[in-house]
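Structure at a glance
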Amino acid sequence: MTATQVLILIPTYNEAENIEAIILALLGVATELPDYNLDILVIDDNSPDGTPTIVRTLMQRHTNVRLITGKKQGLGKAYIRGFKYALKQGDTYDALVMMDADFSHNPVAIPSMLAKLTDSEDYVIGSRYVTGGTIPGNWPLLRILNSRVANFMAHALVGIDKRVTDVTGGYKALRLSALANIDLRDIQSAGYFFQVNLLHAFLEKGYSVAEVPITFVDRRFGVSKLRFKDITEFLYRAYKLNPDSTPRRLVRFCSVGATGTVVNLAVIALLINLFKISPFIADPVAIEVSIISNFILNHNYTFRFSHHKDSGIQWRSKLLKFNAGALGGALLSFLIFSLIYRYGGAHYIIADLCGILVSTGWNFWVSTKYVWRSVDAGA
Ligand code: GDD
Ligand code: MN
């Protein structure tokens with residue numbers, strides 16, 4: 001059996017104090033892994049602190065150390081350059097390892113990550129949050145929160161599989177043949193959102209993802225390169241990445257609801273003023289017309305990703321379910337209104353708003369769980 005060829009990617013920006021030690025540590029790991037050939041690629045963005053010079057000196061003694069340099073465009077862009085480098089080498093490499101230069105990612109985890117990868121997986125995360133993984137005991141609450149919120153956002157906004165616990169981590173091993181099938185133009189993040197972006201791309205293609213626990217420690221020297229810009233980019237891209245995420249469906253659902261109110265008002269005004277119809281008939285008609293217009297908009301806009309072209313029967317069954325749900329919602333709204341207005345002593349506007357809020361939640365729930373369940377549920 002020939003050895004598995006691995007390229008270790010290390011992006012660096014001002015890591016002069018860490019880079020030599022981490023490369024030497026990796027070369028040490030390499031000697032203990034006879035089944036693997038490890039090359040190291042440092043992707044530096046012309047660090048002014050002399051990082052590339054240190055790497056060049058090491059390259060004279062170690063032929064399996066490489067360096068590419070470029071202008072500073074962020075962590076994500078640096079990794080993309082590393083990917084392109086690896087892919088350009090044809091069949092040279094089987095796997096990539098991605099890691100920080102600062103010793104937060106202990107090189108001793110590499111054998112277990114590579115073992116899992118070559119066993120069967122396509123993407124292996126060195127994970128802080130899977131059972132057995134840890135974060136530094138002295139991390140300030142703010143840092144813990146930052147990391148937890150980022151993971152939460154990635155799950156909630158992007159809809160990343162909940163079984164993957166550490167979705168923002170930067171330590172990973174991946175199969176190069178899988179990466180070759182991913183369109184790198186889909187991975188646009190310049191900064192730290194890149195990690196989520198890449199994971200999402202692998203999951204979308206149906207590649208297998210696994211986690212191995214790691215002990216994440218604080219960087220040895222220097223400072224984190226995380227900037228405020230990374231956080232804003234993270235939130236923006238997390239929201240944008242998946243147009244069919246629950247939060248984005250909810251935003252569309254609420255805007256459809258707003259148009260429903262306008263339709264309702266227009267119909268009731270028309271029936272009463274133009275056709276002189278009794279308000280007690282005009283109101284239920286207006287309600288029903290707005291439910292139907294909401295249904296049509298939700299079908300073609302809010303939940304447009306959740307169904308194929310439905311047959312007439314499927315369409316009618318969805319309409320019936322939606323209608324039943326909406327009538328239930330109206331009843332619920334009336335109930336909440338009555339309770340809060342009567343027993344809570346609240347102003348009628350407040351009571352009404354509470355009713356609208358609860359019934360909107362109810363309608364959204366019914367729509368997601370029963371009406372537009374998933375792409376194939378109705379088929
Ligand atoms: N080439 C290049 N260009 N390298 C960069 C850049 C850049 O713009 N920004 C950061 N790096 C390098 C750093 O020199 C380091 O080797 C690595 O990328 C990670 O940067 P850190 O500054 O150490 O990141 P961190 O410790 O705040 O964040 C780590 O954990 C996060 C999850 O909590 C990283 O692993 C992140 O990728 C990860 O999302
Ligand atoms: Mn770090």
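The following paragraphs examine the structure supplied in this document. Nothing here was measured: the structure is a model prediction, and the numbers come from that model.

What counts and how
- Residues numbered from 1 in each chain as written.
- Chains lettered and ligands numbered in written order.
- Predicted model: local features only at pLDDT ≥ 70, side-chain atom pairs only at ≥ 80, totals over all residues.
- Heavy atoms only, no water.
- Near = heavy atom within 4 Å.
- Polar contact = N/O pair within 3.5 Å; in protein donor to acceptor, adjacent residues only side chain to side chain.
- Nonpolar A, V, L, I, M, F, W, Y, C, P; charged D, E, K, R; others polar.
- Axes fitted to C-alpha atoms, helices over the stretch in contact; angles between N-to-C directions.
- Helix = DSSP H or I, 4+ residues; strand = E, 2+ residues; numbered from the N terminus.
- Parallel < 35°, antiparallel > 145°, perpendicular 65-115°, else oblique.
- Left-handed = near helix turned anticlockwise from the far one by under 90°.
- Contact = heavy atoms within 4.5 Å.
- Phe/Tyr/Trp six-rings, centres within 6.5 Å; stacked < 30°, edge-to-face > 60°.
- Buried < 20%, exposed > 50% of the residue type's maximum accessible area, 1.4 Å probe, protein only.
- Lys NZ or Arg CZ within 6 Å of the ring centre and 35° of its normal.
- Pairing = 2+ DSSP bridges.
- Right-handed = clockwise from strand over helix to strand, strands pointing away.

Our focus in this paragraph is the site of ligand 1. Neighbouring residues of ligand 1: 22 residues in total, closest Glu 15, Asp 45, Lys 72, Ser 224 and Lys 225. Taking Thr 12, its main chain carries an N or O atom lying 3.1 Å from a nitrogen atom of ligand 1. Separating an oxygen atom of ligand 1 from a backbone N or O atom of Lys 225 is a distance of 2.5 Å. Of the residues that constitute the shell around ligand 1, the class distribution is seven nonpolar, seven polar and eight charged.

If you want to describe how two helices pack, look at the angle between their axes and the distance between the axes. Between helix H11 (residues 312-342) and helix H12 (residues 348-371), the shortest axis-to-axis distance is 8 Å and the interhelical angle comes to 155 degrees. The angle between the axes of H11 and H12 places the two elements in the roughly antiparallel class. Classified by chirality, the crossing of H12 by H11 is right-handed. Grouping the constituent residues of the contact of H11 with H12 by class yields 16 nonpolar, eight polar and three charged.

The subject of this paragraph is the side chain of Ser 127. By the secondary structure assignment, Ser 127 is in strand S5 (residues 123-127). Within the structure, the side chain of Ser 127 is placed 3.1 Å from the backbone nitrogen of Val 130, a separation counted as a polar contact. Look past the residues within four positions of Ser 127 in its chain and what remains in contact with it is Gly 133, Thr 165, Asp 166, Glu 211, Val 212, Pro 213 and Ile 214.

So, about the packing of aromatic side chains. Taken as a whole, this structure holds 18 aromatic pairs when the rule is applied. Ring centres 4.7 Å apart and planes at 55 degrees place the aromatic pair Tyr 123 and Phe 202 in the tilted group. A residue pair is termed long-range when its members are at least 10 positions apart, and Tyr 123 in strand S5 and Phe 202 in helix H7 (residues 194-204) qualify at 79 residues. The exposure class of Tyr 123 is buried, given its relative accessible area of 0%. Arranged with centres 6.1 Å apart and planes meeting at 35 degrees, the rings of Trp 362 and Trp 365 form a pair that is tilted. Residue Trp 362 and its partner Trp 365 are both found in helix H12; the two are separated by three residues, about one turn of the helix. Judged by its relative accessible area of 33%, Trp 362 falls in the partly exposed class. Overall, the relative accessible area of 41% leaves Trp 365 in the partly exposed class. Taken together, the aromatic side chains of Phe 253, Phe 295, Phe 303, Trp 315, Phe 322, Phe 364 and Trp 372 make up a single cluster linked through ring pairs. The side chain of Arg 128 reaches across the aromatic face of Phe 216, ending 5.3 Å from its centre.

Now for unusual backbone geometry. A positive phi angle, close to 55 degrees, is found at Asn 14, a residue other than glycine. Residue Lys 276 is not a glycine yet carries a positive backbone phi of 55 degrees. By the element assignment, Lys 276 lies in the loop between helix H9 (246-274) and helix H10 (279-302). Residue classification places Lys 276 among the exposed positions, given a relative accessible area of 66%.

Both strand S2 (residues 36-44) and strand S3 (residues 65-69) contribute to a ladder of five bridges, which runs parallel. Its bridge partner lying in S3, Asp 44 is registered against Thr 69. Once you follow S2 into helix H2 (residues 51-61) and on to S3, the crossover reads as right-handed.

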